[in-house]
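# A structural walkthrough
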Amino acid sequence: MAAPNRVVTLNLGMQTITMADFRPSAEGGLVLQAYRQTELIADPTADAARLGQLKVGIKETVDNLKLKGAKTNSAIAAQSVFTRFVKLPPVEPDKVEQIVTFEAQQNVPFPIDEVVWDHQVVSAGGEARMEVALVAIKSDLLEDLNGTIQDSTMRTNIVDLSPMALFNAFRYNYSDLAGCSLLMDIGARTTNLIFVEPKKVFTRSIPIGGSAVTTALAKDFGEPFASAEERKKAGGFVGLGGAYAEHSDPDVARMA
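Below you will find a few notes about this structure.

Conventions and cut-offs
Residues numbered from 1 in each chain as written. Predicted model: local features only at pLDDT ≥ 70, side-chain atom pairs only at ≥ 80, totals over all residues. Heavy atoms only, no water. Pairing = 2+ DSSP bridges. Helix = DSSP H or I, 4+ residues; strand = E, 2+ residues; numbered from the N terminus. Axes fitted to C-alpha atoms, helices over the stretch in contact; angles between N-to-C directions. Contact = heavy atoms within 4.5 Å. Left-handed = near helix turned anticlockwise from the far one by under 90°. Nonpolar A, V, L, I, M, F, W, Y, C, P; charged D, E, K, R; others polar.

### A word on the sheet that holds strand β5 (residues 82–88)
Within the open sheet, the 3 strands sit side by side as β5-β7-β6. Their pairing is antiparallel. Since the sheet does not close on itself, it has two edges, and those belong to β5 and β6 (115–123), each with one partner. Neighbour-to-neighbour, the strand axes of the sheet open up by a mean angle of 25°, direction not taken into account. In this structure, β6 lies alongside strand β7 (residues 130–138), joined through 8 bridges in antiparallel fashion. By the bridge assignment, Val116 is partnered in β7 with Ile137. The sheet strands contacting helix α3 (residues 139–151) are β6 and β7, and the helix crosses β7 at an angle near 70°.

Structure follows, in structure tokens:
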């Protein structure tokens, strides 16, 4: 059984599963105890097989790290979730929830009873307008993900959106950083851009990532997605042009 003071995180990417086991330190921070990443052969044309792959991958990772029964804090890919930043007028703290609920009903593009939604205040302006991030996920998709985690002998504690989890981690670790910072999270299907200022945040998801490169290679070389993924990882090369020499391997040079 997992120790009660563990903090277990699970990042459910489209092509990788990443799990980490942290323990609180005497100084008040967290210390990484164990870490493992499991790859999925996530062909974009075979999304129907993804839940099965997730189940196998999570169980393999849990068994490897000996985390059966642990509560997990999960982050899910941005393309699985509807996100909208909305500005609220200055209101009393006890009325924020009521106004946010109204905004969710107006902005979420699905019937509100078919989604699970939440919000996070990203800038509290006092007398100025307050900005909140609304996130919503279809209930059946969330149930499938939670069921997959439970089938892998773990329990769900928190489910977060990966860009917001990254934002929270950045603000925790660099709380005194001034000015504007750009975080870039390049995933398999989506690249997330997170613009962070001391009192606000803005995110934009671009629907292109590593899988787009793999798909292009599979088409160019006339091979399956899995083979193209291995080719990309084994011979990835950036042709800078100019005075920089091309790679000695003609197949790799062709990829550039």
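### Describing the packing of helix α1 (residues 50–65) against α3
The geometry of α1 relative to α3 is characterised by a closest axis approach of 9 Å and an angle of 30° between their N-to-C directions. Our pair here, α1 against α3, has a crossing hand that is right-handed. Residue-level inspection shows Leu51, Leu54, Lys55 and Ile58 of α1 in contact with α3, the latter providing Asp144, Leu145, Thr148, Ile149 and Asp151. A class-by-class count of the residues in the contact of α1 with α3 yields 5 nonpolar, 1 polar and 3 charged.

### As for the sheet that holds strand β4 (residues 71–76)
The strand order β3-β2-β1-β4-β8 describes an open sheet built from 5 strands, whose pairing is mixed. Every interior strand has two partners, whereas the edge strands, β3 (30–39) and β8 (155–161), have only one. Neighbouring strand axes in the sheet, compared pairwise and without regard to direction, differ in orientation by 20° on average. Sitting on the sheet, α1 touches β1 (7–12), β2 (16–24) and β3, and the angle it makes with β3 is about 140°. Helix-sheet contacts for helix α4 (residues 162–173) involve β4 and β8, and the interaxial angle to β8 is about 85°.

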